[in-house]
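Here are the chains, one letter per residue:
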Amino acid sequence: MQSKDGGWAAFDVDNNWKVLSDVPFADHNAMLDPTCPDITGRVMEALRAHGIEPTHLSMRRGIEFLFRTQEADGSLVWPLGCGLHLRHVLALRGLRAANVDDREAQILRAGEWLRSIQNADGGWGESCESYERHTYVNAPSTASQTAWAILGLIAGGDAISMSVRAGVEYLIDKQGKDGRWKEDLATGTGFPRVFYLTYHLYRDSFPLLALAAYRKAARELD
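Residues numbered from 1 in each chain as written. Predicted model: local features only at pLDDT ≥ 70, side-chain atom pairs only at ≥ 80, totals over all residues. Heavy atoms only, no water.

Participant: Could you give an account of the pattern of salt bridges, naming the residues involved and the relevant values?
Facilitator: Throughout the structure, instances matching the rule amount to 5 salt bridges. A salt bridge links E53 to R48; the nearest nitrogen and oxygen atoms lie 3.9 Å apart. Given the relative accessible area of 27%, R48 is considered partly exposed. R115 is the partner of E112 in a salt bridge, and the nearest nitrogen-oxygen pair spans 3.5 Å. (Salt bridge = Lys/Arg side-chain N within 4 Å of Asp/Glu carboxyl O. Buried < 20%, exposed > 50% of the residue type's maximum accessible area, 1.4 Å probe, protein only.)

Participant: Explain the layout of surface pockets to me, and be specific about the residues and the numbers.
Facilitator: If you add up the space inside the second largest pocket, you get close to 460 Å³. If you go around the second largest pocket, you meet 18 residues; those closest to its centre are R96, I154, A155, A217 and E220. Among the secondary structure elements, those contributing two or more residues to the lining of the second largest pocket are α1 (37–49), α3 (84–97), α6 (143–155) and α8 (202–221). Across the lining of the second largest pocket, the residue classes tally to 10 nonpolar, 1 polar and 7 charged. (1 Å grid on protein atoms, 1.4 Å probe; cavity = no way out; pocket = protein on both sides within 12 Å on 5 of 7 lines; lining within 4 Å. Points joined across faces, edges and corners; volume = space filled by probe spheres on them. Helix = DSSP H or I, 4+ residues; strand = E, 2+ residues; numbered from the N terminus. Nonpolar A, V, L, I, M, F, W, Y, C, P; charged D, E, K, R; others polar.)

Participant: Can you tell me about helix α4 (residues 105–116), naming the residues and giving the values?
Facilitator: Its 12 residues place the ends of α4 16 Å apart at the C-alpha level, agreeing with the 16 Å of an ideal helix rising 1.5 Å per residue. Within the sequence span of α4, burial applies to I107, A110, G111, W113 and L114. Projection of α4 onto a plane perpendicular to its axis shows the buried side chains occupying an angular sector of 155 degrees, all on one side. (Expected span 1.5 Å × (residues − 1). Arc of directions from axis to C-beta.)

By themselves, these are just geometric observations and shouldn't be taken as functional.
Take a look at the structure:
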């Protein structure tokens, strides 16, 4: 299922013939299934969990794909749009699973990009308008997007910076008395520029995962 460019897609292999998006029956411009950093990172993490060594050709090609598609600002999020932090963290987790040194320039740049878009309240947020403008568009912080950013920084070897601590404090401060987080903004995508989704467990599962990852990383540093 690995495509010729070294990446992986959701359902298909080498389904990147862009002309298909221009035919009259191209529903929501979703005729294609191109490779992307987040799914590539997920597959690499899964392969490693099932015993595939980082030196395996598929893993090396995956690393090359992620490095080649990294944006000039350090982000690993093609295509740009809502869910940007999640795509970034999944790519970073794949690189970590492949034993890429967190002192590599690409990893450092990826972490710096996450820190550069942090909101003043310590959280992170992104607008679905990113799809319209083809660039990152800031939005008020949300629990799920803040959790994604924390997970990305930890995957990149940063568990002690002020950015991570501020993000953790944001999650703790915003947690309700019932143990859940409130989140009104849509942070999921159905079809870009067509409709967006609210996955109701994003707001709870990802903050929990981020806080657990932070606690684990802090213990390892003690």
